[in-house]
Amino acid sequence: MTGAPDPSRPPTLVVGGGGLLGRHVRTAFACSGSSVHTTSVPWGDPAAARAVLRSELAAFIGSSPDGRVNIAWCAGAGVVSTPADELEAEVSLFREVLDDLRTALLPTTRLAFFFASSVGGVYAGSADPPFTELSEPRPLVAYGRAKLAMEEALAAFCAETGSVALLGRITNLYGPGQKLSKPQGLVSQLCLAQLRGTPLPVWVSFDTIRDYLYVGDCAEMVVDALDGLHEHVRDAGSNAVVKILATGTGTTLSAVVGEINRVFRRRARLRIPGAGTPGQARDLRVRSVVWPELDKRTQTPFSVGVRRIADEIALAYAAGTSAPPTHVSEISIR
């Protein structure tokens, strides 16, 4: 339940509020008592998208009575298989938006910025898992390089303006709200395949390891992080803090399929084409060593998260609005 916004909390602008993470971040901030804002951005037209965001940011910054504002950047159309030129356009737009934000800042503005980055993109080529924030990033494909470029642009912006940012390197998100037409969301696609009784192609080995984080838990971590970010950076030595958002538990694809089979009480129909996909590491276990207080929370059990997804997809499937599944290699394993 949410009531009137708490005026003692800074307002929050969620960019990408219609996506899986953005929707849950909006809900989590509203439940915390924050005033939450979002906007519809024409992402397919970079010039129009920049114009909309420029206007929205200026209005948002100017609306805060005491200068305190949060921005949660949960947008991002790219996935592992996205072509490099499309990702370059996304990075360019982000840099331009930061330029516009720099212009919009007032002398009284006290900005805390969250940026949703990717563990899979950043550490796909790194050595010696489990990876931590101290591990050397080694992206294998353009998707990971784009995430690093956006992290670096935001860090430079914070160093120049005195704003603070959390660069949240997120593991594999799952939960209700996944867009099934987009090539991502292993758990949601497996649930859809179970409901349809149709085979789903698996393009990676069953011993592939990922950390599956329930999206509602991730959203609550984002709220807690932005609440404490100004205080935390005083001890961190940098205005932009890298933090892995994860459960800390590595799970094989075989175990994921087994748990979904258990929830549905039948075996999934899978096809094994036998070809791997570039950019997909076998082992992406992680262990966060930065800001451990954010990790001290009760995590949603995987079986509970699967059931919530199954219930949502069952309603959509019955209504004829669910999209066909796509290749698991592109969906799942970032």
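Just above, that's the structure.
Enquirer: How would you explain the overall build of the protein if you had to name every residue and give the values?
Expert: Secondary structure assignment for the protein yields ten helices and twelve strands. Relative to the 2.2 N^0.38 estimate, which gives 20 Å for 334 residues, the radius of gyration of the protein is 20 Å and therefore close to what a compact globule would have. Along the longest, intermediate and shortest principal axes, the C-alpha atoms of the protein span 60 × 45 × 40 Å. Burial analysis of the protein (334 residues in total) assigns 52% to the buried set. Element-wise, carbon and sulfur atoms account for 51% of the exposed surface of the protein, whose accessible area totals about 14300 Å². Charged side chains of the protein number 33 positive and 32 negative; the gap between the two group centres comes to 7 Å.

Enquirer: Please set out empty space enclosed by the protein residue by residue, giving values where relevant.
Expert: Inspection of the entire model under this criterion finds two cavities of 30 Å³ or more. Of the voids in this model, the second largest cavity is the one considered here, and its volume is about 30 Å³. Lining the second largest cavity, in full, are Gly78, Leu87, Glu90, Tyr143, Ala146, Lys147 and Met150. Put simply, the parts of the chain that give the lining of the second largest cavity at least two residues each are α3 (84-104) and α5 (142-161).

Enquirer: Explain the sheet that holds strand β2 (residues 36-38) to me, and be specific about the residues and the numbers.
Expert: Note on sheets: strands pair through backbone hydrogen bonds, and any given pair is parallel or antiparallel. Strand order in the open sheet made by the six strands is β2-β1-β3-β4-β5-β10, with parallel pairing throughout. Single-partner strands in this sheet number two, and they are β2 and β10 (240-245). Between one strand and the next, the sheet's axes are offset by a mean angle of 20°, whatever the strand orientation. Looking at chain direction, strand β1 (residues 12-15) and β2 are connected through three bridges and run parallel. Opposite Leu13, over in β2, you have His37 as the bridge partner. Sheet strands touched by α3: β3 (68-73) and β4 (110-118). Its angle to β4, the strand with the most contacts, is close to 175°. α5 rests against β3, β4, β5 (164-170) and β10 of the sheet, and its axis sits at about 165° to β4.

Enquirer: An account of the packing of aromatic side chains is needed here, citing residue identities and associated values.
Expert: Here the structure, examined in full by the defined rule, presents eight aromatic pairs. For the ring pair Tyr174 and Tyr214, a centre distance of 5.5 Å and an interplane angle of 70° mean the geometry is edge-to-face. On the criterion of sequence distance, the pair formed by Tyr174 in strand β6 (residues 172-174) and Tyr214 in strand β9 (residues 212-214) is long-range, its members being 40 residues apart. This pair shows no difference in class: Tyr174 is buried, exactly as Tyr214 is. Note on Tyr174 and Phe302: the rings are 5.1 Å apart at their centroids and 55° apart in plane angle, and the pair reads as tilted. Of this pair, Tyr174 sits in strand β6 while Phe302 sits in helix α9 (residues 302-318); the two residues are 128 residues apart in sequence, bridging distant segments of the chain. Site record: aromatic cluster; members linked through ring pairs are Trp43, Trp73, Phe94, Phe113 and Phe115. The aromatic ring of Phe264 is capped on one face by Arg307, whose charged end is 5.8 Å from the ring centroid.

Enquirer: Describe the pairing of β1, listing the residues and the values that go with them.
Expert: Neither face of β1 is left uncovered, since the one carrying Thr12 and Val14 and the one carrying Leu13 and Val15 both have all their residues buried. Each parallel crossover has a hand, and for β1 linked through helix α1 (residues 20-32) to β2 it is right-handed. Where β1 and β3 come together, four bridges link them in parallel fashion. Pairing of Val14 across the sheet is with Ala72, part of β3.

Enquirer: Outline unusual backbone geometry, listing residues and values.
Expert: In this chain, Pro129 is followed by Pro130 through a cis amide linkage whose omega measures 5°. Tracing the backbone shows Pro130 in the loop between α4 (119-123) and α5. We note that Arg265 has phi near 65°; this positive angle belongs to a residue other than glycine. With respect to the element layout, Arg265 can be found in the loop between α8 (253-264) and β12 (270-271). For Arg265, a relative accessible area of 77% puts it in the exposed group. Here Trp291, not a glycine, exhibits a phi torsion of approximately 50°, which is positive.

Calculation rules
Residues numbered from 1 in each chain as written. Predicted model: local features only at pLDDT ≥ 70, side-chain atom pairs only at ≥ 80, totals over all residues. Heavy atoms only, no water. Helix = DSSP H or I, 4+ residues; strand = E, 2+ residues; numbered from the N terminus. Rg over C-alpha atoms; globule rule 2.2 N^0.38 Å. Buried < 20%, exposed > 50% of the residue type's maximum accessible area, 1.4 Å probe, protein only. Areas by Shrake-Rupley, 256 points an atom, 1.4 Å probe, with all protein chains shown as cover. Lys, Arg positive; Asp, Glu negative; His and termini not counted. Charge placed at Lys NZ, Arg CZ, Asp CG, Glu CD. 1 Å grid on protein atoms, 1.4 Å probe; cavity = no way out; pocket = protein on both sides within 12 Å on 5 of 7 lines; lining within 4 Å. Points joined across faces, edges and corners; volume = space filled by probe spheres on them. Pairing = 2+ DSSP bridges. Axes fitted to C-alpha atoms, helices over the stretch in contact; angles between N-to-C directions. Contact = heavy atoms within 4.5 Å. Phe/Tyr/Trp six-rings, centres within 6.5 Å; stacked < 30°, edge-to-face > 60°. Lys NZ or Arg CZ within 6 Å of the ring centre and 35° of its normal. Right-handed = clockwise from strand over helix to strand, strands pointing away.

Purely geometric numbers; function is a separate question.
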